[in-house]
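Here is what each chain is made of, one letter per residue.
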Amino acid sequence: MNLLRTLAAALALTTTTLASAQGHPVSGAKVMDLTKQYLAAAPHRAIGTPGHEAAEKFIRDHFATEASKGNLVVDKFTAHTPVGMQPMTNYIAKFPGKKDGVIVLASHYETNYPLQSIGFVGANDGACTTALLIALGDYYRTHPPQGYSVWLVFDDGEEAVGKEGMVPSDSLYGVRHLAAKWSGDGTIGKIKAFVVADMLGWKSMNIDREGNSTPWLLDLLAKAAKTTGHSSSVFANEMTIEDDHIPFKQRGVPVLDVICYEYGPYEQNRGDYAFHHTAKDTIDKLSVASLQTSADLFVELVKLIDQH
Ligand SMILES: [Zn+2]
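Here we summarise the structure given alongside this text. (Residues numbered from 1 in each chain as written. Predicted model: local features only at pLDDT ≥ 70, side-chain atom pairs only at ≥ 80, totals over all residues. Heavy atoms only, no water.)

## What to know about the overall build of the chain
Quick reminder of the rule: Starting at the N terminus, helices and strands are each numbered in turn, a helix being any DSSP run of H or I of at least four residues and a strand any DSSP run of E of at least two. Atoms counted for the radius of gyration: C-alpha only. Globule rule: 2.2 Å times the number of residues to the power 0.38. Each residue's exposure class comes from its accessible area (1.4 Å probe, protein chains only) as a fraction of the maximum for that residue type: buried when under 20%, exposed when over 50%, partly exposed otherwise. Throughout, a contact is declared for two residues whenever any of their heavy atoms are within 4.5 Å. The method behind every accessible area is Shrake-Rupley, applied with a 1.4 Å probe, and residues are considered shielded solely by the protein chains displayed. Only four residue types enter the tally: Lys and Arg on the positive side, Asp and Glu on the negative side; His and the chain ends are excluded. A charged residue contributes its charge at one atom only: NZ of Lys, CZ of Arg, CG of Asp or CD of Glu.
Secondary structure assignment for the chain yields 9 helices and 10 strands. For 308 residues, the compact-globule estimate of 2.2 N^0.38 gives 19 Å, and the C-alpha radius of gyration of the chain, at 19 Å, lies within 12% of that figure. Along the first, second and third principal axes, the C-alpha set of the chain runs to 60 × 45 × 40 Å. Taking all 308 residues of the chain together, 56% fall into the buried category. Relative to all contacts within the chain whose residues are 6 or more apart in sequence, the contacts with residues 24 or more apart total 76%. Taken as a whole, the chain presents about 13200 Å² of accessible surface, with 56% of it coming from carbon and sulfur. Put simply, the chain has 27 plus and 34 minus side-chain charges, and the middle of one group is 6 Å from the middle of the other.

## Concerning the coordination of the zinc ion
Short version of the rule: For Na, K and Ca the donor cut-off is 3.2 Å, while for other metals it is 2.8 Å, and in both cases only N, O and S atoms qualify; water is not among them, so sites may look incomplete.
Protein coordination at the zinc ion: the donors are Asp 125 (OD), Glu 159 (OE), Glu 159 (OE) and His 277 (NE2), at 1.9 to 2.8 Å from the metal. Mapping the donors of the zinc ion onto the primary sequence gives the spacing D-x33-E-x117-H. Residue Asp 125 is found in helix α5 (residues 123–142), and its partner Glu 159 is found in the loop between β4 (148–155) and α6 (173–184); the two are separated by 34 residues along the sequence. Taking relative accessible area as the criterion, Asp 125 reaches 3% and is therefore assigned buried. The class for Glu 159 is buried, based on a relative accessible area of 3%.

## Comments concerning the pairing of strand β8 (residues 255–259)
Note the cut-off: Between any two strands, at least two bridges found by DSSP are needed for them to pair.
Extensive coverage of β8 is indicated by the burial of 5 of its 5 residues. Side chains of β8 alternate between two faces, with Val 255, Asp 257 and Ile 259 and Leu 256 and Val 258 buried alike. With 5 bridges joining them, strand β5 (residues 191–198) and β8 adopt parallel strand pairing. Within β8, the position partnered with Val 196 by the bridge is Asp 257.

## Comments concerning the pairing of strand β2 (residues 84–95)
One ladder, built from 10 bridges, connects strand β1 (residues 72–81) with β2; its direction is antiparallel. Residue pairing across strands places Lys 76 opposite Thr 89, the latter belonging to β2. A loop of 2 residues connects β1 with β2, the two strands running antiparallel in sequence. In terms of strand pairing, β2 meets β4 through 5 bridges, oriented antiparallel. Residue Lys 94 lies in a different strand from β4, and its bridge partner there is Trp 151.

## Some thoughts on the packing of aromatic side chains
Both the distance between ring centres and the angle between the ring planes are used here to describe each pair of aromatic rings. Selection criterion: Put simply, two rings from Phe, Tyr or Trp (the six-membered ring, in Trp's case) pair if the centres are within 6.5 Å, and we call them stacked under 30 degrees between planes, edge-to-face over 60, tilted for the rest. For a ring to carry a charge above it, either NZ of a lysine or CZ of an arginine must fall within 6 Å of the ring centroid while also lying within 35 degrees of the normal to the ring plane.
Going through the model one piece at a time under the given rule, you end up with 14 aromatic pairs. Measuring from centroid to centroid gives 6.4 Å for Phe 95 and Tyr 140, while their planes differ by 50 degrees, and the two rings are tilted. Here the residue Phe 95 occupies a position in strand β2, and Tyr 140 occupies one in helix α5, the gap between them amounting to 45 residues. Assigned by exposure class, Phe 95 and Tyr 140 land together as buried. By the ring-pair criterion, three or more aromatic residues cluster together here, those being Phe 63, Phe 95, Tyr 139, Tyr 140 and Phe 154. When the ring centre of Trp 151 is taken as reference, the NZ or CZ atom of Lys 94 above it lies at 4.1 Å. One residue, Lys 99, lies across the ring of Tyr 148, its end atom 4.2 Å from the ring centre.

## Focus on the environment of Tyr 91
Put simply, the rule reads: Under this definition, polar contacts are N or O atom pairs within 3.5 Å; protein pairs additionally need one hydrogen-donor-capable and one acceptor-capable atom, and for neighbouring residues in sequence, both atoms have to be side-chain atoms.
Residue position: Tyr 91 is located in strand β2. Tyr 91 sits in the buried class, given a relative accessible area of 0%. Measuring from C-alpha to C-alpha, the distance between Tyr 91 and Tyr 109 comes to 9.8 Å, with 18 residues separating the pair along the chain. Apart from residues no more than four positions distant in its own chain, Tyr 91 is found in contact with Glu 56, Ile 59, Arg 60, Val 73, Val 74, Tyr 109, Leu 152, Val 153 and Phe 154. A distance of 2.9 Å separates the side chain of Tyr 91 from the side chain of Arg 60, its partner in a polar contact.

## Overview of the sheet that holds β2
Strand pairing within a sheet occurs via backbone hydrogen bonds; the two strands may be parallel or antiparallel. Quick note on the threshold: Helix axes are fitted to C-alpha atoms over the stretch in contact, other axes to C-alpha atoms as well, and angles between N-to-C directions run from 0 to 180 degrees.
Judged by pairing direction, the sheet is mixed, and its 6 strands sit side by side in the order β1-β2-β4-β3-β5-β8 without closing on themselves. Bordering the open sheet on either side are β1 and β8, each of which pairs with just one other strand. Within this sheet the neighbouring strands show an average axis-to-axis angle of 20 degrees, counted without direction. Packing against the sheet, helix α3 (residues 50–62) makes contact with β1, β2 and β4, and its axis sits at approximately 15 degrees to β2.

## Some thoughts on the packing of α5 against helix α9 (residues 288–307)
Inclusion rule: To sort the angles, those under 35 degrees are grouped as roughly parallel, those over 145 as roughly antiparallel, those from 65 to 115 as roughly perpendicular, and the leftovers as oblique. For a crossing to be left-handed, the near helix must be turned anticlockwise from the far one by less than a right angle; the clockwise case is right-handed. As a working rule, the residues Ala, Val, Leu, Ile, Met, Phe, Trp, Tyr, Cys and Pro are called nonpolar, Asp, Glu, Lys and Arg charged, and the rest polar, with Gly in that last group.
Look at α5 against α9: their axes get within 11 Å of each other, and the N-to-C directions meet at 50 degrees. On the basis of their axis angle, the class for α5 and α9 is oblique. For the pair α5 and α9, the sense of crossing is right-handed. Residue-level contacts link Cys 128, Leu 132, Leu 136, Tyr 139 and Tyr 140 of α5 to Leu 291, Ser 294, Ala 295, Phe 298, Val 299 and Val 302 of α9. Grouping the amino acids of the contact of α5 with α9 by side-chain chemistry returns 10 nonpolar, 1 polar and no charged.

Have a look at this one:
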């Protein structure tokens, strides 16, 4: 038993050493751990609920350093929704770089409103990408961007509030608000790329070649995958998705949706994948390996966008 434990400890050490030697700036195990913490703190995150407030607190607590420097923007607004006027909040954590321009990395952090009825937790859909952005924040805090500034956007109200599913008037509330606000104050002209992280933790993840994304950013994603040894985890499927990048695409910003929409076996009767927007979107569907792939791709993408 003792020997086994010692061996296990030695193996764990070797694994950790190898991971850093192989150059993973952000650890997939850490992203998994943060996902679990987030789900424990705020399992149900529908707008207007105490769980949503707990999610906001979780994000604020992780960016206390940025808040103390004036680099955490709390962007509160009110949206017309099918269930009336609802308060919503985007959080923007800013990591200043050395050259003029901004790379935005965004994830929605809330959960679908109608799916409250089934106790939906969104481990893959919202939670793991919120965790990914928090882990990226930890990295950029200790390794400040040497090129463009990096802004992490935790956006609210990505999901539909009504029961009809995602329609343009009932979805993407946070990013629609942000795109309009940043158009008004001139910020939008500084954005070199708006990159969305969505559904990036599934064990069998393969990131889609997403049809609304800007071609040169898709090329950089392929290049990032090659450089980090993850080419087999991207572009097996093509898919065009109405996601958080749309309001920025409509305003001429280069956009990229990093997403694996496929999630579990396809169900003909629902016309959707088995784990998407069902009670089956739980932590056991995710893997450290997929989260590692996602983390590696995001760090590499930022470097490549800097050089573009
Ligand atoms: Zn969703």
